[in-house]
Structure formats: structure tokens, C-alpha cells
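# Architecture and fold: a report
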Amino acid sequence: MNSFDSSNTSDALRHLFEAGVDAVKGEPAVARAFAQRFTQAPDRILAVGKAAYAMYMGLPENVRAATPALIITKDGHADGAPDLRHVEIREASHPMPCARSIAAGEAALAFVQDCAPDSRLLMLVSGGASALVEALPSGMSLESLMERTKIALSNGSTIGQINAERIAHSRIKGGKLFAAFAGRRADVLAISDVQGDGIDVIGSGIGAYGGGTLRYSCHIVGSNAVARDAAAAQATTLGMHVHHNAETLYGDINEVAGDILATVDGGAAPEGVYIFGGEPTVQLPDNPGEGGRNQGLALELARRISGRSDLSILVAGTDGSDGVSAGAGAIVDGHSFRAADGADEAIRLANSGAFFRTTGDQLVTGPTGTNVMDLVIVHRKTADAG
């Protein structure tokens, strides 16, 4: 696609989203950072998060061939990985932790404790680690952890609030993992899925270090800002005017939907592209249906723009997943909210994923190899255009 095709706005929006995601994929992001910052291979590699395997594959082949590694990622995010004796791959569920998350956490703790006194550890961290890897304190059960997580994910808590709760009840998060590290140097490369890109928040601080004698460094190799800027650059290349590019998707999805449309409708030169990033929250009913915050936000936006001919909107998670759903999000316009197809009921039951799957508006990407929160990309044209 070399120029914007106004007759196929959905494809153009998908193209911008893919450009943003490609800019922060784990493999190239780690490859660039390693080449720029490292002259010596690590003695061990620990990779955790949804993008863990993709980040690991960004390391030079000679490093991967000779270095013991433990990779912990989400189910299905390491498909096709070769079976190597010196590389252990563990998978667990997300966003709810499971028994495999606890086993993975204990394995990670043992992995760093078993390092030689003069060893160098390279840790690769991405979002999702909070659920995928955990080591619980004595007296706390998996059932208790799951119940706490369920409440936090459904009551509108922010990621900061959720992670603070996780850190308080973890033996490996909030800098505690490196407190158990027996080596002399630890380097962290991280893809950020949190506001502010703080390593003390990414993965509930599993890659953070509280201070001491350990030689420690941390570098953010991918973020929402990088993805947004890449999407904006691609839009410009296609001849589309970018009027807005900011990380403002914070708050309940209903409030966020209003803020997005206020920004789009309030512009002095409205025709063009508006890019938003961040991670909104959602209040879920008892026994919610299929979907997550992105499809929930997309459905609420579709409701608000119903009947309009000037707006097309993509809402998606950069990791390729959205709650309990096969979709990453959805692409909607003024025709997407159809009461006859159960749109109102889908909002009430938080069943946006099933709704969009039925209507064909669901955006399905599969695992992307990264995780830098969410993107909303809005294209506005004049109401009487095409």
C-alpha cells in the first residue's frame, strides 16, 4: 500500500496498526539493543512475558546456541520453538494465573539462585509476566491469588493498583527476584506495557532491582510511544494528515470513548488520522461474556458513532489478544452498532468479542511478539466524501 485508499479505510487502519506493532516487535527490538549495548555474551538468559520468546529470538544465534535459558510465556506464544536441551520453555495462562504460573515462578527463582557467583544474567521482560510467573508467600494459595486477580480485573482497577497488590503478595516481584540472584551482573531489556515505562511496574517489577552491590542495568527497547510514532509515520507516508498522537487511553472505557470523540470532533482541521495509546479499564458484570477492554471500547465507540459516515476506528491490543477472546480488537464505523444483532445486549453482558466475531468486525492478528498496551487509530473524512 503506497497511498491511502479512501474506499478501503479498514485495510488502511490495519496497515497503520501493523506498522506500529512491527516497530516494537520483540525480535528486532532486542536485536538492535543487544548489538548497540553488549560486547560480552551473558552466562544465562531469563525471558518472561507475552513477548518472551520473540525477544529471545532477537539475540545473536551464537548466544542462543551456547547459553542456558529459561523462557516463560503465554500459551501458544512459543509455537514452533525448537526442542533444545539448554533451553527450557514454560507456558502459562493469561490474564488469570494458574498452577503453571506458580511452577514457572519457582523455576525462575531457582534459575537465578543457581547462577555462579561471577556470572552475568540477561533478563528479557515484557508485559504479561504478572500473571504468567509467580512465587507465593507461605500461607497464600493459588485459589486466593486467582480470586484477587479476578476482582482486580473486573472492578476497574488501574494497572498500577493491580501491580501494587501483586507485588505485596509475591516472592519474586517488586525487585525481589534479583535479591535472590547469586551472580555479579544483571542486564535487563524490557518492552513496556505500562504508563511511564517504569521497570518497577512492568510485569509487577519482576525485572526491577532495589539496590545493593549487584551491577545492574535496564533499557526499555519498545514502548507505546514508539508504536504510535511508527503508525503516525506510516500514515504520513500514505498521504494522511496526523492531527493527534498521544498516550491518553486511561480511565474507564466509557469515559475514554467520550474523550476520544471529543478530541476528534474538536479539531480545527478534522480530516485525517488521530492516534491514541494507553490502557483503559473496564467494569465487568458477573459472569462476563467473551471479549476484553479493547472490544468493549470499540463497541462503545460504535454505539456513539452509529449512523455517522465520517469515522472509522480501530481499537486493538498490540499483543494480539484482548481478554477472553481470539481477537486483538475490532474495526468499527457508523454501520457497526446494530441493535438487531444484539449490540445493546453485548454491551450489557460484556460480550463484545462474540458480537464482533459474528458481525465480522473483529480484528484477529494472533500473537504479535510484543506488548506495548493498546492503540486506537481514528480516520475522519468529510461526511459527504466517498
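The structure this text deals with has already been given above.
Description of the structure in this document. Note that the structure is a prediction, hence the values are computed from the model and not measured.

About the criteria used
- Residues numbered from 1 in each chain as written.
- Predicted model: local features only at pLDDT ≥ 70, side-chain atom pairs only at ≥ 80, totals over all residues.
- Heavy atoms only, no water.
- Helix = DSSP H or I, 4+ residues; strand = E, 2+ residues; numbered from the N terminus.
- Rg over C-alpha atoms; globule rule 2.2 N^0.38 Å.
- Buried < 20%, exposed > 50% of the residue type's maximum accessible area, 1.4 Å probe, protein only.
- Contact = heavy atoms within 4.5 Å.
- Areas by Shrake-Rupley, 256 points an atom, 1.4 Å probe, with all protein chains shown as cover.
- Phe/Tyr/Trp six-rings, centres within 6.5 Å; stacked < 30°, edge-to-face > 60°.
- Pairing = 2+ DSSP bridges.
- Axes fitted to C-alpha atoms, helices over the stretch in contact; angles between N-to-C directions.
- Expected span 1.5 Å × (residues − 1).
- Parallel < 35°, antiparallel > 145°, perpendicular 65-115°, else oblique.
- Left-handed = near helix turned anticlockwise from the far one by under 90°.
- Nonpolar A, V, L, I, M, F, W, Y, C, P; charged D, E, K, R; others polar.

## Focus on the overall build of the chain
- Check the secondary structure of the chain and you find 14 helices and twelve strands.
- For 386 residues, the compact-globule estimate of 2.2 N^0.38 gives 21 Å, and the chain sits close to it at 21 Å.
- Across its three principal axes, the chain shows a C-alpha extent of roughly 70 × 45 × 35 Å.
- Sorting the 386 residues of the chain into buried and exposed places 53% on the buried side.
- Within the chain, contacts between residues separated by at least 24 positions form 78% of all contacts whose residues are at least 6 apart in sequence.
- Of the accessible surface of the chain, which amounts to about 15,600 Å², a share of 48% is contributed by carbon and sulfur atoms.

## Observations regarding the packing of aromatic side chains
- A complete count under the given rule lists five aromatic pairs for this structure.
- Residues phenylalanine 355 and phenylalanine 356 carry aromatic rings whose centres are separated by 5.5 Å and whose planes lie at 70° to one another, so their mutual orientation is edge-to-face. Like phenylalanine 355, the residue phenylalanine 356 is buried in the burial classification.
- Members of the aromatic cluster, each reached through a chain of ring pairs, are Phe178, Phe181, Tyr209 and Tyr216.

## Digging into the sheet that holds strand S9 (residues 311–317)
- Taken in spatial order, the six strands make up an open sheet running S7-S8-S12-S9-S10-S11, and their pairing is mixed. Edge positions in the sheet fall to strand S7 (242–249) and strand S11 (362–363), since each has one partner strand and no second.
- Pairing of S9 with strand S12 (residues 374–380), which is carried by seven bridges, proceeds in the antiparallel orientation. Within S12, the position partnered with leucine 314 by the bridge is isoleucine 377.
- Here helix H10 (residues 224–237) sits on the sheet and contacts S7, strand S8 (272–278) and S12; the angle it forms with S7, its principal contact strand, is near 165°.
- Against the sheet, helix H12 (residues 293–304) contacts S9, strand S10 (329–333), S11 and S12, and its axis sits at roughly 165° relative to S9.

## Quick look at H12
- The end-to-end C-alpha distance of H12 is 16 Å, a good match for the 16 Å that twelve residues give at a rise of 1.5 Å each.
- In terms of residue burial, H12 counts as a mostly covered element, since nine of its twelve residues are buried.
- All of the buried residues along H12 are Asn294, Gln295, Gly296, Leu297, Ala298, Leu299, Glu300, Leu301 and Ala302.

## Quick word on the pairing of strand S1 (residues 44–48)
- Counting buried positions along S1 gives five out of five residues, so the element sits mostly inside the fold.
- Every second residue of S1 is oriented toward a common face, with Arg44, Leu46 and Val48 on one face and Ile45 and Ala47 on the other, all of them buried.
- With five bridges connecting them, S1 and strand S4 (residues 120–125) associate as parallel partners. Within S4, the residue paired with leucine 46 across the bridge is methionine 123.

## Here's the deal with the packing of helix H11 (residues 253–265) against H12
- As a packed pair, H11 and H12 sit with axes 9 Å apart at the nearest point and diverge in direction by 50°. Considering their axes alone, H11 and H12 lie oblique with respect to each other. At the point where H11 passes H12, the crossing takes the right-handed sense. Listed contacts from H12 to Ile253, Asn254, Val256, Ala257, Gly258, Ile260 and Leu261 of H11 are Arg293, Gly296, Leu297, Glu300, Leu301 and Arg304.
- In terms of residue class, the contact of H11 with H12 is made up of seven nonpolar, three polar and three charged.

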